[in-house]
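Architecture and fold: a report
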Amino acid sequence: MKLTLHIWRQSNKETKGEFKTYELPDVSEHMSFLEMLDVLNEKLISQNEEPVAFDHDCREGICGSCSMMINGQAHGPDLKTTACQLHMRKFKDGDDVWIEPWRADAFPVLKDLVVDRSAFDRIMQAGAFVSVNTGNAPDANSTIVPKMNADLAFDAATCIGCGACVAACKNASAMLFVSAKVSQYALLPQGDPERKTRVLRMVAQMDKEGFGGCSNTNECEAACPAGISVNNIARLNREYFKATLTSRES
Amino acid sequence: MSLLQSNVPEGPIAEKWTRHKNELKLVAPNNKRKYEILVIGTGLAGASAAASLGELGYNVKTFCYQDSARRAHSIAAQGGINAAKNYPNDGDSVWRLFYDTVKGGDYRSREANVYRLAEVSANIIDQCVAQGVPFAREYGGLLANRTFGGAQVSRTFYARGQTGQQLLLGAYSALMRQVNKGKVQNFARREMLDLVNIDGNARGVIVRNMVSGKLERYVGDAVLLCTGGYGNAYYLSTNAMGCNVTAAWRCYKRGAYYANPCYTQIHPTCIPVSGDYQSKLTLMSESLRNDGRVWVPKDVNDKRSPEQIPEADRDYYLERRYPAFGNMVPRDVASRAAKERCDEGYGVNESGRAVYLDFKRAIAEQGQKAIEAKYGNLFHMYRKITNENPYEVPMKIYPAVHYTMGGLWVDYNLQSTIPGLYVLGEANFSDHGANRLGASALMQGLADGYFVAPYTVGHHLASNKLEKVDTNNPAFEQVESEVQGRIDKFLSIKGSRSVDSFHRELGLVMWDNCGMARNAAGLHEAIEKIQGIRWEFWQNVRVTGSGHQLNMELEKAGRVADFLEFGELLARDALAREESCGGHFREEHQTPENEARRDDENFAHVAAWEYQGDDATPIRHQEELNFENVKLTQRSYK
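Reading the values: the criteria
- Along each chain, the written sequence defines residue order, and numbers are assigned to residues from 1.
- Chains and ligands are labelled sequentially in the order written, the chains with letters from A and the ligands with numbers from 1.
- For this predicted model, a pLDDT threshold of at least 70 governs which residues receive local features, and a threshold of 80 or more governs which side-chain atom pairs are given and counted, while totals over whole chains, interfaces and linings are taken from all residues.
- Each side-chain value is derived from all of the structure's non-hydrogen atoms; neither hydrogens nor water enter the calculation.
- Each helix corresponds to a stretch of at least 4 residues labelled H or I by DSSP, and each strand to a stretch of at least 2 residues labelled E; elements are numbered beginning at the N terminus.
- Accessible area is worked out with a 1.4 Å probe on protein chains only. A residue is then buried under 20% of its type maximum, exposed over 50%, and partly exposed in between.
- Residues count as neighbours in contact if any of their non-hydrogen atoms are within 4.5 Å of one another.
- Only the protein chains shown count as cover for residues, with accessible areas throughout obtained via the Shrake-Rupley method and a probe of 1.4 Å.
- When charges are counted, neither His nor the chain ends are considered; positive counts come from Lys and Arg and negative counts from Asp and Glu.
- In plain terms, the charge of a residue is placed at NZ if it is Lys, CZ if Arg, CG if Asp and CD if Glu.
- Here, any two strands with at least 2 DSSP bridges between them count as paired.
- In this description, buried area is defined as the sum, over both parts, of the accessible area (probe of 1.4 Å) that is lost when the two are combined.
- Note on definitions: salt bridges are taken to be side-chain nitrogens of Lys or Arg within 4 Å of carboxyl oxygens of Asp or Glu.
- Within 3.5 Å is the distance limit for a polar contact, defined as a pair of N or O atoms, with the added protein rule that one can donate a hydrogen and the other accept it, and that residues adjacent in sequence qualify only through two side-chain atoms.
- Note that Gly is not counted as nonpolar here; it falls among the polar residues with everything else outside the nonpolar set of Ala, Val, Leu, Ile, Met, Phe, Trp, Tyr, Cys and Pro and the charged set of Asp, Glu, Lys and Arg.
- For each domain, the first and last residues come from an automatic or database assignment.
- Pairs were defined over the aromatic rings of Phe, Tyr and Trp, the Trp ring being its six-membered one, requiring ring centres within 6.5 Å. Orientation was assigned from the angle between planes: stacked under 30 degrees, edge-to-face over 60, tilted for the rest.
- Charges are assigned to positions over rings by a cutoff of 6 Å between ring centre and Lys NZ or Arg CZ, combined with an angular limit of 35 degrees from the ring normal.

Focus on the overall build of chain A
- Within chain A, the secondary structure is distributed over 8 helices and 7 strands.
- Buried positions account for 60% of the 250 residues belonging to chain A.
- Taking all contacts inside chain A whose residues are at least 6 apart in sequence as the whole, residues at least 24 apart take part in 69%.
- Counting every atom, chain A has about 10000 Å² of accessible surface; 49% of that belongs to carbon and sulfur.
- Of the charged side chains in chain A, 27 are positive and 33 negative; the average position of the first set lies 7 Å away from that of the second.

Shown next, in the form of structure tokens:
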């Protein structure tokens, strides 16, 4: 198939970017979306132009590196699918495809489609852990976790940290990301001792990084390639509310 | 010879590690903060080591090429992690895990290291559960287990098909906690481009800031290399696109020996290759073989679609050839068996390079829901990629490069031949011999990082008086200028071929001549071809852009240039090892039943290569492997 690509090109953080248009004939429907971009880049290199920079690594949907808006949707048109797992059979001959980086103040563009997501790391540093040093652990089966809680905790823990939830949200809110981690620990006995400080600190850091507020439009859930449920946001709100009322932390 | 001291402690194998820990020197708590440790890579080995060392009080700096420490490729490991817990009461023990691992490695690993690995395996599960890793559980709330290849007990802990993700996020959370405490500084989007030795000790690294393009110098009292394997030498592999050998290769060129590079693991169950544009291969977890049955049609000319082929016309060749282990034979055995069937013309798929992995019986017996609960994400991924529904038609699979058992040579303390340079996880050679068993990579990465390096690195610091040095030392100046020279060279060639085109060309040579089956003529040919590709690369590569910016072509150029040197060493090692063992199969050395034939008399050793200069042949050193506890036999899974 033949595609017309409109891709956001930007040299670095300081410069202004713009859309550039590229024609790509001979796209196979069996290609992944990123392989299609590889083909474009090979073509650009052969013309002595700079290839399009985009983050990618595992190309099997788990590392969370790839991050692009495709025709206005985070990771493109396929549900529960990262850009690297999106296949060209979802497009048809003659399509126009608009490709942009994540758009959020907290994710500044570094180049082309590459953004800086270190804000997520800083939120995790604020409290997304259980304070247990190596070597201290009791026997694994001395902690009993009801299967349903373990499964729910697992579902929340499958977040890949890609940032699609932020990119999809009109407020650029990071609530789904934060709630996934808060939920994982809130559902497990291991997370209990620090549950109040954790949620307070992570939310404070989230606000500090410049992410917007949540207005419950649920676009984040629709865009999430890992299928993280907005129920986690409800749980985050409960945890946060309880913690603000009862935490002894000043 | 003298450098290859394994430093395995004396005494019975079950007591070695305990004794050794008692004898290792300690750094007093208030002195730990005076030391600086550099950790390269933030996968399971790197993140767990950095977090544990930070907890102890050392100052740690970590570096990763990804934009976040959480994205290291350990995250993609699917099936599980082994541990000798014996929770299912099926007869497992530290001894059995040790024995299975030595046997699975085709008797080419160091006994004492493997025993220690089995010994600390149980602690790993405890540690991960304490961190809040959500392993699969039974209805009673206790941990669940499953079986993996090469074992007759269920000792594999798992988190659906995403165990690596959950373990890595656990280690990452421990790492983030130390960052928060100020004990670890994490430098993302940094690629290590060289090692700095001062007075014979590893004392620093040169890294490139991948956003600004600037070269940066970091000084330390020890350097821990946790940079994974070299599977991407084959271009197509299950590794992430960025996985590379550069850090390890640079250390090799600075004096670390490279051990057993010919030991590569070709994983039997991956989605087959389709199309020239293909950029990577996707693994379907070994755990699928618990419920999936591997088969091809009995008749070469049977072109019916799989659901139309009745049971009587199917050849479940693994169950036929290996009745005791059936579909759960180790990876090297399963891969070669698939290749054998396809070579004989029984392969399915348009290419003829695929076999079926069939879940029909499992779905009939257990119901689709149960299968979905166990493998849901894998089935989902398979469907995404192939557009076929594996609940209805069997998966088509074929072997692909997955893991590399070879790596930098290390002693029992995980120290390389350069004092102060430690190598952990897949980047070292130590625990898996010539073939790794499933669910053992996660175990080794975390064992090295959580439970071995924190002891042995401290011993190094306590027993050597290291001079205070800083980044103004002339050694830093020298190494940095060499790195800069190389970058300038890449950009100045301005040839006509892209970096990727060279990488693909190398990959084809590696796969054809150094893949699942190797022979002397093919390996000679490979060496010659690789030299040719390398020569052309340095004349004709085109690297667009400049060095002072985010430049992914430049990053790739450095990695491919190193693969083009490394590939030759791999072929050389395969040529020198005149036997078949594990993942290294030399066609000249096989039994009448086409099984691998080892030569214990001449090759029960580790081959460790010493760099001699770019134009000189490296020297092959040997570390003899002494098996005092396990009797060497022909590995049988029949």
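Observations regarding the sheet that holds strand β12 (residues 293-297) of chain B
Residue and element names in this part refer to chain B.
- Across the sheet, which stays open at both edges, the 5 strands sit in the order β11-β15-β14-β12-β13 with antiparallel pairing between neighbours. Edge positions in the sheet fall to β11 (264-270) and β13 (314-315), since each of these pairs with one other strand and no more.
- For strand β14 (residues 355-358) and strand β15 (residues 395-404), the ladder comprises 3 bridges, and the chain directions are antiparallel. Pairing of Val355 across the sheet is with Ile397, part of β15.

Re the interface of chain A and chain B
- Counting residues at the interface gives 75 residues for chain A, matched by 74 residues for chain B.
- For the pair chain A and chain B, the summed buried area comes to about 6200 Å², and 51% of that belongs to carbon and sulfur atoms.
- Summed over the shared surface of chain A and chain B, the number is 6 salt bridges.
- For Arg189 of chain B, the salt bridge is made with Asp55 of chain A, and the minimal N-O distance between the two is 2.8 Å.
- Counting across the chain A and chain B interface gives 46 residue pairs in polar contact (both at pLDDT 80 or more).
- Of all the elements in the fold, those that place two or more residues in the side of chain A that touches chain B are α1 (33-46), β6 (109-111), β7 (114-115), α2 (118-127), α3 (147-157) and α5 (175-186) of chain A.
- In terms of residue class, the side of chain A that touches chain B is made up of 33 nonpolar, 23 polar and 19 charged.

Quick word on the domain arrangement of chain B
All names here are of chain B.
- Under the domain assignment used here, chain B contains domain 1 (267-400) and domain 2 (474-613).
- Contact with domain 1, which involves 12 residues of that partner, is made by 10 residues of domain 2.
- Summing both partners gives a buried area of about 820 Å² for domain 1 against domain 2, and 52% of it is carried by carbon and sulfur.
- Applying the counting rule to domain 1 against domain 2 returns 1 salt bridge.
- The partner of Glu595 in a salt bridge is Arg321, and the shortest N-O contact between them spans 3.2 Å.
- The interface formed by domain 1 and domain 2 holds 5 residue pairs in polar contact (both at pLDDT 80 or more) in total.
- Of all the secondary structure elements, the ones that give two or more residues to the side of domain 1 that touches domain 2 are α9 (331-343) and β15.
- For the side of domain 1 that touches domain 2, the leading source of residues is α9, giving 4 residues.
- Looking at side-chain class alone, the side of domain 1 that touches domain 2 contains 5 nonpolar, 2 polar and 5 charged residues.

Re the side chain of Ser440 of chain B
- When you line up the elements, Ser440 of chain B lands in the loop between β17 (421-423) and α12 (441-463).
- Discounting residues that sit within four places of it in the chain, Ser440 of chain B has contacts with Asn82 and His432 of chain B.

Description of helix α4 (residues 94-104) of chain B
Residue and element names in this part refer to chain B.
- Of all the residues in α4, the buried ones are Leu97, Phe98, Asp100, Thr101, Val102, Lys103 and Gly104.
- Residues of α4 that are buried sit in contact with β3 (81-82), α5 (111-131) and α12.
- Where α4 terminates, the next one or two residues include Asp106, which has phi positive at roughly 55°.

Digging into the domain arrangement of chain A
Residue and element names in this part refer to chain A.
- Taken as a whole, chain A is organised into domain 1 (3-111) and domain 2 (118-246).
- A C-alpha centroid distance of 29 Å is found between domain 1 and domain 2.
- The largest contributions to the domain 1 side of the interface with domain 2 come from Lys80, Ala106 and Phe107, which together make up 37% of the buried area.
- Counting every contact that joins domain 1 to domain 2 gives 0 salt bridges.
- At the surface where domain 1 touches domain 2, the tally comes to 1 residue pair in polar contact (both at pLDDT 80 or more).
- By residue class, the composition of the side of domain 1 that touches domain 2 is 10 nonpolar, 6 polar and 2 charged.

Overview of the pattern of salt bridges
Residue and element names in this part refer to chain B.
- Summed over all chains, the structure comprises 72 salt bridges over all chains.
- The closest approach of N and O atoms between Arg598 and Asp106, which form a salt bridge, is 2.8 Å. Of this pair, Arg598 sits in the loop between α16 (552-576) and α17 (600-603) while Asp106 sits in the loop between α4 and α5, placing them 492 residues apart in sequence.
- A residue is classified by how much of its surface remains accessible, and Arg598, at 15% relative accessible area, is buried.

As for the packing of aromatic side chains
Residues and elements named next belong to chain B.
- For the coordinates displayed, the defined rule picks out 38 aromatic pairs over all chains.
- It is Lys21 that lies over the ring of Tyr455; its NZ or CZ is 5.3 Å from the centre.
- One residue, Arg293, lies across the ring of Tyr316, its end atom 3.8 Å from the ring centre.

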